[in-house]
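Coordinates in review
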Amino acid sequence: MSGKGKFGEFGGTFVSEILEASRAELEEGFFRLKKNKKFKKELAELLEKYGGRPTPLTYAENLSKKFGCKIYLKREDLLHSGAHKLNNCLGQALIAKYLGKKKLIAETGAGQHGVATAVVGAKLGLDVDVYMGKTDAERQKPNVFRMELCGAKVKIVESGSMTLKDAINEALRDWTATSKNTHYLLGSVLGPHPYPLMVAHFQSVIGKEAKKQIIKEEGRFPKAVIACVGGGSNAIGIFRQFLPEKNVELIGVEAAGLGISTGKHASRFSDKKLGRKGAMHGCFTYILQDKFGQIINTHSVAAGLDYCAVGPEHSMLRDLGRIKYAYATDKEALKAFQILSKEEGIIPALESAHAIAYALKYAKKCSPKDIILINLSGRGDKDLEMVMKEIRCKK
Amino acid sequence: MNRYEKKFLELKMKKEKAFVSFVVLGDPDYKTSIEIIKTIVKTGTDILELGIPFSDPIADGKTIQKAHQRALKKRMNTEKAFKLIKEIRKFTGIPIGLLVYFNNVYAYGINNFYRKAKKAGVDSVLITDLSLEESPPVIKAAKEYCLNQIFLVSQTTPIKRIKKINKLCSGFIYLVAIEGVTGTRKELQKETLKLIEKVKANTNLPLCIGFGISKPQQFRKLTETDIDGVIIGSKIVSMIEKNLNCKKTMMTEISFFTEKMKKCSKRFKNNTTHNNIRR
């Protein structure tokens, strides 16, 4: 494949001509502003004084004892608005402001990106519309209310599977009609160029901090860095800095839903039959689809991982063998959710719980000196109602 | 001369604009879809634009989204779409264009897709979400199987880019009348008329315009411009949706509408001829 914004054969600009001018405007704006001193200073200040960066690196002592190795958590759950999403939202909203846009539109699955967009919109004085699938809005009610409190309009999407994929469809349709005054604040390392690069750029602050912090604590790199992968922005955010360290194993954890063999999951890499190359939402990447290219409805207990495609940079790094991709089922994630809460007093987002679940499996192969670094991408307040139901059901 | 060249020449001689109808293949089901297309052809459409249903048609508004869903529910797929086109070819020789999304083409194999399309009797392919930059492998396949590759031009397309598109495009250029997705709109925008002028100045290819056009008065206004054809989709598709329970009414409504639209296409004033049509 030819074209710009490529990660090997992946990525690119699979957008209709109607969107091309806005895409090109954003591309120009991003590459200009990311070097602009004033922009950089403003963003750094917002990240520190509004967002609460740097986020701490926490040694999970009890968990480490129990599982027989050293487990560290990068605490993106402590970032303002409760997840890593804010890093990207502040960056993009600031770009939008510099480009003279009056309004932000965003999609959201778990609601974390929607909330982050809503708070940033409130802070920077931009109108916000958030598209959210009906299924997701029902399972993440507190986040819907949070967005509304911050002045955002939540637009419920009732087409297709009524989850993240359909929310992105609607946001893209909106942007097609309104791009003159509107910035589409895409929440993950997906979409047409420059989005995958731009979102990774803003999220790479996670890895930059984590790398310094682990060296300060331990004087060496971890054996493995583990993060959950929906679109894959928190994972790219922490992985990127460790890519040159060949001895550090990088592991992305996809949602296996009810199990890979059931077909009800969101594992683009682990399902060899349904996860195939194609173009979706503006980029060429691995997508869950049937043999005629129709997108398959995904399933995960974690709304933020419940998505058919994965960021193109992940696709490239997977094919290159630099990042390994594993998975955790709904059940395993729910169990990890409870373990981390009980052992460390940290309630993780169900998305992040997938990373914990796999890390605990991985820990069994480790020696007591081995270090595992987990990106705790978000906190679990939004999931309480749902987890409560699941636990009570079992009892 | 290919079917498009022939058609546009023939229309020019008759002093008519092309009336292009769009429907989704297999909407609401395989059999009815053939009947609908037969009706449209009989009442005088000049060119057919046919969609292959996709699960996530992001350039389409609600009306056409639902058409994609209806067709998919009846298990329409690329294979059956080509079969359906073969059936259409049995009763008409007018140009047939495909309007598709890239993932369907890629999943089928780009070369395989173009080969089968040609064999089925297709004349052109337009891939909605394929940018100029990503088009080389597709252009190569189109050339190999002698199919016209159509590209979109929108109000926001810069002139430099229009010139590039002009080089790669053949058959006709598809102008997007509005900023936004497909669906009916009340008025023609001033910008639409400007767009026609801008593109006309940079190409010798015929221009067809679509997105948001549904009314006779919009069509008539367009016939006064340099446009060569008008594409109407959502309005026809909405008649399918409205009459799912009664095929007879569906066909009557569609034929009444397409007949009316074809009449609009005959009103155009050709400045270069002596016998101007009185208006």
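Residues numbered from 1 in each chain as written. Chains lettered and ligands numbered in written order. Predicted model: local features only at pLDDT ≥ 70, side-chain atom pairs only at ≥ 80, totals over all residues. Heavy atoms only, no water.

Focus: the packing of aromatic side chains
What counts here: Each pair of aromatic rings taken from Phe, Tyr and Trp, with Trp reduced to its six-membered ring, is defined by centres within 6.5 Å and is described as stacked if the planes are under 30 degrees apart, edge-to-face if over 60, and tilted in the remaining cases. Two thresholds decide whether a charge sits over a ring: the Lys NZ or Arg CZ must be within 6 Å of the ring centre and within 35 degrees of the ring normal.
Evaluated as defined, the whole model comprises 26 aromatic pairs over all chains. One residue, R318 of chain A, lies across the ring of Y286 of chain A, its end atom 5.0 Å from the ring centre.

Focus on the pattern of salt bridges
Cut-off, in case you're wondering: Think of a salt bridge as a Lys or Arg side-chain nitrogen and an Asp or Glu carboxyl oxygen that are within 4 Å of each other. Helix and strand assignments come from DSSP, with helices taken as H or I runs of at least 4 residues and strands as E runs of at least 2, each series counted from the N terminus. Throughout this description, buried means an accessible area under 20% of the type-specific maximum (1.4 Å probe, protein chains only), exposed means over 50%, and partly exposed covers the range between.
Counted by the stated rule, this structure contains 46 salt bridges over all chains. Residue R89 of chain B is joined to D123 of chain B by a salt bridge in which the shortest nitrogen-to-oxygen separation is 2.9 Å. With R89 of chain B in helix α4 (residues 78-89) and D123 of chain B in the loop between α6 (110-120) and β4 (124-127), the pair connects residues that are 34 residues apart, well separated along the chain. Residues R89 of chain B and D123 of chain B agree in their burial class; the two are buried. Where salt bridges share partners, they join K4, E17, E20, R23 and E27 of chain A together with E133 and R161 of chain B into one cluster.

Points about helix α1 (residues 3-14) of chain B
Note: α-helices contain 3.6 residues per turn, so residues at a spacing of three or four share the same orientation. Residue and element names in this part refer to chain B. Basically, it comes down to this: Residue count minus one, scaled by 1.5 Å, sets the expected span of a helix. Regarding the arc, it is the one traced by the directions from the helix axis to the C-beta atoms. Here a polar contact is recorded for every N or O atom pair within 3.5 Å, except that within protein the pair must consist of a potential hydrogen donor and a potential acceptor, and residues adjacent in sequence are included only if both atoms are side-chain atoms.
Helix length check: α1, at 12 residues, gives a terminal C-alpha distance of 16 Å against a target of 16 Å (1.5 Å per residue), a fit within 8%. Every buried residue belonging to α1 is among Y4, K7, F8 and L11, and all of these are buried. The buried residues of α1 occupy an angular sector of 95° when projected down its axis, which confines them to one face. Capping of α1 at its N-terminal end is provided by N2; its side-chain oxygen lies 3.0 Å from the backbone amide nitrogen of Y4.

What to know about the sheet that holds strand β14 (residues 371-376) of chain A
Strand-to-strand pairing in sheets goes through backbone hydrogen bonds, with the strands running parallel or antiparallel. Residue and element names in this part refer to chain A. Just so we agree on the cut-off: A strand pair is defined by DSSP finding two or more bridges across the two strands. Helix axes are fitted only over the stretch in contact, all axes being lines through C-alpha atoms; the angle between N-to-C directions runs from 0 to 180 degrees. Between two residues, a contact is recorded if the distance between any of their heavy atoms is within 4.5 Å.
Strand order in the open sheet formed by 6 strands is β3-β4-β14-β9-β10-β13, with mixed pairing between adjacent strands. A single partner strand is all that each edge strand has here, and the edge strands are β3 (57-59) and β13 (323-328). Ignoring which end each strand starts from, the neighbouring axes of this sheet average 25° apart. Of the strand pairs in this sheet, strand β9 (residues 224-228) and strand β10 (residues 249-255) are connected by 5 bridges, and their pairing is parallel. Each residue of the ladder has a partner; that of A224, found in β10, is E249. Its contacts with the sheet place helix α10 (residues 205-218) against β3, β4 (70-75) and β14, and it is angled at close to 145° to β4. Sitting on the sheet, helix α13 (residues 330-344) is in contact with β3, β4, β13 and β14, with an inclination near 90° to β13.

A look at the side chain of R23 of chain A
Note that R23 of chain A resides in helix α1 (residues 17-33). Look past the residues within four positions of R23 of chain A in its chain and what remains in contact with it is K4, T13, V15, W175, P192, H193 and P194 of chain A.

Considering the domain arrangement of chain A
Residues and elements named next belong to chain A. To keep it simple, the criterion reads: For the domain bounds, the source is a domain assignment made automatically or taken from a database. As used here, buried area is the combined drop in accessible area, with a 1.4 Å probe, of two parts when they are placed together.
As far as domains go, chain A holds domain 1 (21-48 + 85-199) and domain 2 (52-82 + 204-394). On a C-alpha basis, the centres of domain 1 and domain 2 stand 22 Å from each other. Taken together, the 34 residues of domain 1 in the interface contact 38 residues of domain 2. Between domain 1 and domain 2, roughly 2,700 Å² of surface is buried when both sides are summed, and carbon and sulfur atoms account for 57% of that area.

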